[in-house]
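Summary of structural features
If you want the building blocks of each chain, they are given just below.
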Amino acid sequence: MENNKHEHITSYKEHFSTWLALILLTFMTVFVSVFGADLRTLSVATAMLIATIKATAVAYYFMHLKYEPKIYKAMMAVVLALFAFFMIMITIDYLTR
Amino acid sequence: MTSETLPYTSYLKEKTGIMSWLFTLDHKRIGLMYLYGIVAFFLVGATLGLLMRFELLNPGKDLVDPHTYNQIFTLHGVIMIFLFIIPSIPAVFGNFFLPLLLGTDDVAFPKLNLLSFWLYVLGAFFALATLIFGDGPADTGWTFYAPYSVKTGTNVTMSVLAAFILGFSSILTGLNFIVTIHRLRTPKMGFNQMPLFAWSLYATSWIQLLATPVIGITLLMIVAERMFGIGLFDPSIGGDPILYQHMFWIYSHPAVYIMALPAMGIVSEILPTFSQRTIFGYKAIAYSSMAIAFIGYFVWGHHMFTSGMSGPAAYIFSILTFLVAIPTSIKVFNWVSTLYKGSIVIEVPLLFMLAFIFNFLIGGLTGLALGALAADVHLHDTYFVVGHFHYVMFGGTGFAFFGALHYWFPKMWGKMYNKTRAYIGFAILFVGFNILYFPMLILGIQGMPRRYYDYLPEFTFLNQVSTVGSWITVTGLIIIIVNLIVSGRNGKKATDNPWNGITLEWQTKSPPPLHNFDKMPTIPERGPYDYPNAKRG
Ligand code: HEM
Ligand SMILES: [Cu+2]
């Protein structure tokens with residue numbers, strides 16, 4: 001990494017489609033919270049899921065995670081998995097209480 | 001091991017004046033400033049502990065009223081956890097020795113390192129400011145459990161902000177060490193040629209980096225709830241207090257490995273040096289540090305068995321908790337095997353390490369008793385817990401901290417301490433420590449609850465034994481600390497390598513020059529613990 005500071009030129013097309021996807025996902029969040037009232041508890045889960053997808057897209061395309069070595073991707077994956085475990089265990093506690 | 005007569009300027013003399021310390025970027029000076037701060041707070045915390053033991057000398061009121069007692073144990077806990085034990089080994093010995101052990105001249109981000117020190121100072125200021133501002137220090141216990149922490153009139157907000165700021169200091173230290181270990185190892189030193197203390201710091205740093213933000217946000221939620229009554233945790237306004245406990249322990253269980261892992265790293269450094277023998281199971285020790293750090297994320301629920309968490313969640317956490325015992329015992333067996341057939345030299349640092357193993361064994365085994373679901377229902381919130389965590393934190397990490405201080409003292413100040421006095425101090429501390437805490441384990445099994453200023457008359461005898469133990473403990477501590485201060489001022493000059501160590505810090509002068517090494521250190525060919533005179537076979 002120290003010497004190979006090659007520039008990554010991302011096409012306008014890629015930037016634009018990522019942006020478009022983010023906007024669409026935002027609409028989806030709003031839609032779910034306004035019209036998806038009968039989803040009940042699941043509406044929180046849906047909002048979290050959409051937010052996670054958006055964050056991943058930002059990290060991957062805008063923050064250039066896609067160009068990074070595998071080790072960084074693995075580190076990201078471990079952190080996400082840990083976070084998922086936290087959520088799962090708390091949810092198990094709630095659902096079986 | 002260059003000639004000692006050559007003139008050179010040590011990092012202590014390179015620049016002088018108070019500013020050259022307060023704004024230094026030298027990892028060694030930052031380590032020393034941390035040391036002075038941390039030891040000072042340790043003494044404040046110990047004084048508060050002593051006060052509590054005085055109060056518990058007899059049933060009924062001896063010294064302070066119940067409310068003050070609650071504030072004392074909270075402040076004691078906050079100081080000991082956030083200002084002493086979490087920063088202790090990483091901030092002092094990690095800062096001072098990580099670059100030396102890796103054969104480099106500083107940490108990766110010296111300015112962040114200084115910032116992290118100043119955040120420590122700021123956090124300490126907040127913690128102490130509760131004594132002056134608001135309605136006095138928090139009375140919630142160091143765990144700040146909701147909903148009480150949301151409702152009490154004491155200055156919880158400021159105590160919590162102190163912990164928040166100290167968390168940032170901890171995150172920056174962790175980040176710094178991770179990058180240092182990845183980027184700044186001396187050429188030819190692969191991960192598997194790193195000293196084991198560096199491995200343990202690496203595992204610790206990942207916990208600091210990933211777990212600390214969770215407590216940060218949780219503490220801010222407490223502040224928000226106090227100020228705006230949001231209803232996150234307080235059931236009377238729709239919150240869930242168990243959610244607080246989940247979030248608190250998602251950090252605070254991994255945090256106990258922030259306390260324990262660096263201490264284990266210290267043991268893995270000191271044992272080989274004083275047995276002049278290759279460490280037994282290098283990779284097993286190194287990787288078990290990573291395993292402990294990893295598994296540590298999955299067990300937080302064992303603090304909540306009696307909190308109203310669901311049954312199935314409790315079983316899962318109880319089973320997962322037992323997994324941590326595996327990598328921990330791997331370490332203990334490897335340490336004992338390292339001593340086996342070594343050429344053992346009994347010196348004070350080694351004694352501290354043997355005491356560590358003894359105390360940590362008691363701490364660890366009582367921990368398993370607490371991790372067992374059925375046993376914990378009886379033992380939870382009794383003095384058994386107080387005994388258990390003092391055995392782990394004080395008997396384990398505390399002893400490792402003082403052992404490391406004796407081991408590296410000659411390197412840090414270029415002076416040798418008075419060995420007889422150090423030995424006497426150690427012996428008194430070890431005996432006093434066990435008299436102080438062992439009775440607590442028995443009291444707990446008998447059912448004496450923790451966090452009370454009073455107890456039933458049948459508990460009197462063991463409480464008095466424990467209080468006498470606290471006096472012996474403090475005597476030992478005073479002898480140790482006074483001896484080190486006096487020796488630092490006018491002890492005999494130390495050689496560059498008084499213990500025949502072969503890790504890289506012993507290849508430079510005592511005390512080291514500003515940039516650590518005058519010439520590239522040579523790394524031992526067959527791993528960091530390949531003692532040249534060791535018996536083989
Ligand atoms: C002179 C040494 C010490 C003495 C006499 C002492 C004494 C005590 C006592 C009696 C309690 C129980 C209070 C109660 O439940 O009513 C306590 C709690 C505690 N101690 Fe110590 N202690 C000492 C050193 C330490 C050290 C070195 C650490 C950590 C590194 C530590 C961490 C704690 C913590 C976290 C608590 C729990 C506070 C709470 O309940 O919120 N103590 N200590
Ligand atoms: Cu725990």
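Look up a bit, the structure's there.
Here the structure is a predicted model, which is why all the values come from computation and not from measurement.

Looking only at helices and strands, one finds three helices and zero strands in chain A. The N-to-C order of helical and strand elements in chain A reads α-α-α. Each principal axis of the C-alpha atoms in chain A carries an extent, and together these give about 55 × 30 × 10 Å. Within chain A, the proportion of its 97 residues that are buried is 18%.

Residue and element names in this part refer to chain B. The immediate surroundings of ligand 1 are formed by 27 residues, with Tyr69, His76, Trp142, His390 and Arg451 found nearest. At 3.1 Å from an oxygen atom of ligand 1 is found a side-chain nitrogen or oxygen belonging to Tyr383. Within the contact set of ligand 1, a nitrogen atom lies 2.7 Å away from a side-chain nitrogen or oxygen of His390. For the shell around ligand 1, the secondary-structure elements that each account for two or more residues are helix H2 (27-55), helix H3 (66-85), helix H14 (383-413) and helix H15 (419-446). A total of eight residues in the shell around ligand 1 trace back to one element, the largest contributor, which is H3. Taken together, the residues of the shell around ligand 1 break down into 19 nonpolar, five polar and three charged.

This next bit is on a nonpolar patch on the surface. All names here are of chain A. A cluster of nonpolar side chains, Phe16, Trp19, Leu20, Ile23, Leu24, Phe27, Tyr60, Tyr61, Phe62 and Met63, forms an exposed patch at the surface whose accessible area comes to about 1000 Å². Mapped onto the nonpolar patch, the elements with two or more residues apiece are helix H1 (12-35) and helix H2 (41-62). Here the nonpolar patch takes six residues from H1, the largest share from any one element. In this structure Tyr61 comes out as partly exposed when scored by relative accessible area, which is 31%.

To continue, consider the packing of H1 of chain A against H2 of chain A. Helix-helix packing is described using two parameters, namely the angle between the two axes and the distance between the axes. Residue and element names in this part refer to chain A. One can describe the packing of H1 onto H2 by two numbers: an axis separation of 10 Å at closest approach and a directional angle of 170 degrees. Between H1 and H2, the interaxial angle falls into the category roughly antiparallel. Side by side, H1 and H2 meet where Glu14, His15, Thr18, Trp19, Leu22, Leu25, Thr26, Met28, Thr29 and Val32 of the first sit next to Ser43, Thr46, Ala47, Ile50, Ile53, Lys54, Ala57, Val58, Tyr61 and Phe62 of the second. A class-by-class count of the residues in the contact of H1 with H2 yields 12 nonpolar, six polar and two charged.

Moving on to the coordination of the iron atom of ligand 1. Residue and element names in this part refer to chain B. Around the iron atom of ligand 1, the protein supplies His76 (NE2) and His390 (NE2) as donor atoms, at distances of 2.0 Å. Around the iron atom of ligand 1 sit six donor atoms; with metal-centred angles ranging over 85 to 179 degrees, the donor geometry is octahedral. Here His76, found in helix H3, pairs with His390, found in helix H14; they are 314 residues apart in sequence, far enough to count as distant. Here His76 and His390 have matching classes, each one buried.

This brings us to the interface of chain B and chain A. Contacts between the two partners involve 21 residues from chain B, matched on the other side by 15 residues from chain A. Summed over the shared surface of chain B and chain A, the result is five residue pairs in polar contact (both at pLDDT 80 or more). Elements with a contribution of two residues or more to the side of chain B that touches chain A: helix H7 (156-183), helix H8 (196-228), helix H9 (241-275) and helix H11 (311-339) of chain B. Take the side of chain B that touches chain A: its biggest share by element is five residues, from H11 of chain B. Residues that form the side of chain B that touches chain A fall into these classes: 15 nonpolar, four polar and two charged.

With that settled, the discussion passes to the packing of H9 of chain B against H11 of chain B. All names here are of chain B. Taken N-terminus to C-terminus, the directions of H9 and H11 make an angle of 15 degrees; their axes are 9 Å apart at the nearest point. The pairing of H9 with H11 is recorded here as roughly parallel in orientation. The crossing of H9 and H11 is left-handed. Mapping the contact onto sequence places Tyr257, Leu261, Met264, Val267, Ser268, Leu271, Pro272 and Ser275 in H9 and Val324, Thr328, Lys331, Trp335, Thr338 and Leu339 in H11. Of the residues in the contact of H9 with H11, the class split is nine nonpolar, four polar and one charged.

The next subject is the packing of aromatic side chains. Residues and elements named next belong to chain B. Tallied over the entire structure, the rule returns 61 aromatic pairs over all chains. Between Tyr34 and Phe117, the ring centres sit 5.2 Å apart and the planes meet at 90 degrees, which makes this aromatic pair edge-to-face. One end of the pair, Tyr34, is in helix H2; the other, Phe117, is in helix H5 (residues 110-129), and 83 residues separate them in sequence. Note on accessibility: Tyr34 and Phe117 belong to one class, buried. A cation sits over an aromatic face here: Lys509 above Tyr8, 4.9 Å from the ring centre.

Before going further, it helps to spend a moment on the coordination of the copper ion (ligand 2). Residue and element names in this part refer to chain B. Only His253 (ND1), His302 (NE2) and His303 (NE2) from the protein coordinate the copper ion (ligand 2), and they sit 1.8 to 2.0 Å from it. Within one chain, the residues serving as donors to the copper ion (ligand 2) are arranged as H-x48-H-H. Of the two residues, His253 sits in helix H9 while His302 sits in the loop between helix H10 (282-295) and H11, which places them 49 residues apart along the sequence. In this structure, His253 and His302 share a single accessibility class: buried.

What counts and what doesn't
Residues numbered from 1 in each chain as written. Chains lettered and ligands numbered in written order. Predicted model: local features only at pLDDT ≥ 70, side-chain atom pairs only at ≥ 80, totals over all residues. Heavy atoms only, no water. Helix = DSSP H or I, 4+ residues; strand = E, 2+ residues; numbered from the N terminus. Buried < 20%, exposed > 50% of the residue type's maximum accessible area, 1.4 Å probe, protein only. Near = heavy atom within 4 Å. Polar contact = N/O pair within 3.5 Å; in protein donor to acceptor, adjacent residues only side chain to side chain. Nonpolar A, V, L, I, M, F, W, Y, C, P; charged D, E, K, R; others polar. Patch = residues over 30% accessible without salt bridge, like charges linked within 9 Å, V, L, I, M, F, W, Y side chains within 5 Å. Areas by Shrake-Rupley, 256 points an atom, 1.4 Å probe, with all protein chains shown as cover. Salt bridge = Lys/Arg side-chain N within 4 Å of Asp/Glu carboxyl O. Axes fitted to C-alpha atoms, helices over the stretch in contact; angles between N-to-C directions. Parallel < 35°, antiparallel > 145°, perpendicular 65-115°, else oblique. Contact = heavy atoms within 4.5 Å. Donors = N, O, S within 2.8 Å, 3.2 Å for Na, K, Ca; no water. Tetrahedral: all angles 85-135°; square planar, octahedral: opposite > 155°, others 65-115°. Left-handed = near helix turned anticlockwise from the far one by under 90°. Phe/Tyr/Trp six-rings, centres within 6.5 Å; stacked < 30°, edge-to-face > 60°. Lys NZ or Arg CZ within 6 Å of the ring centre and 35° of its normal.

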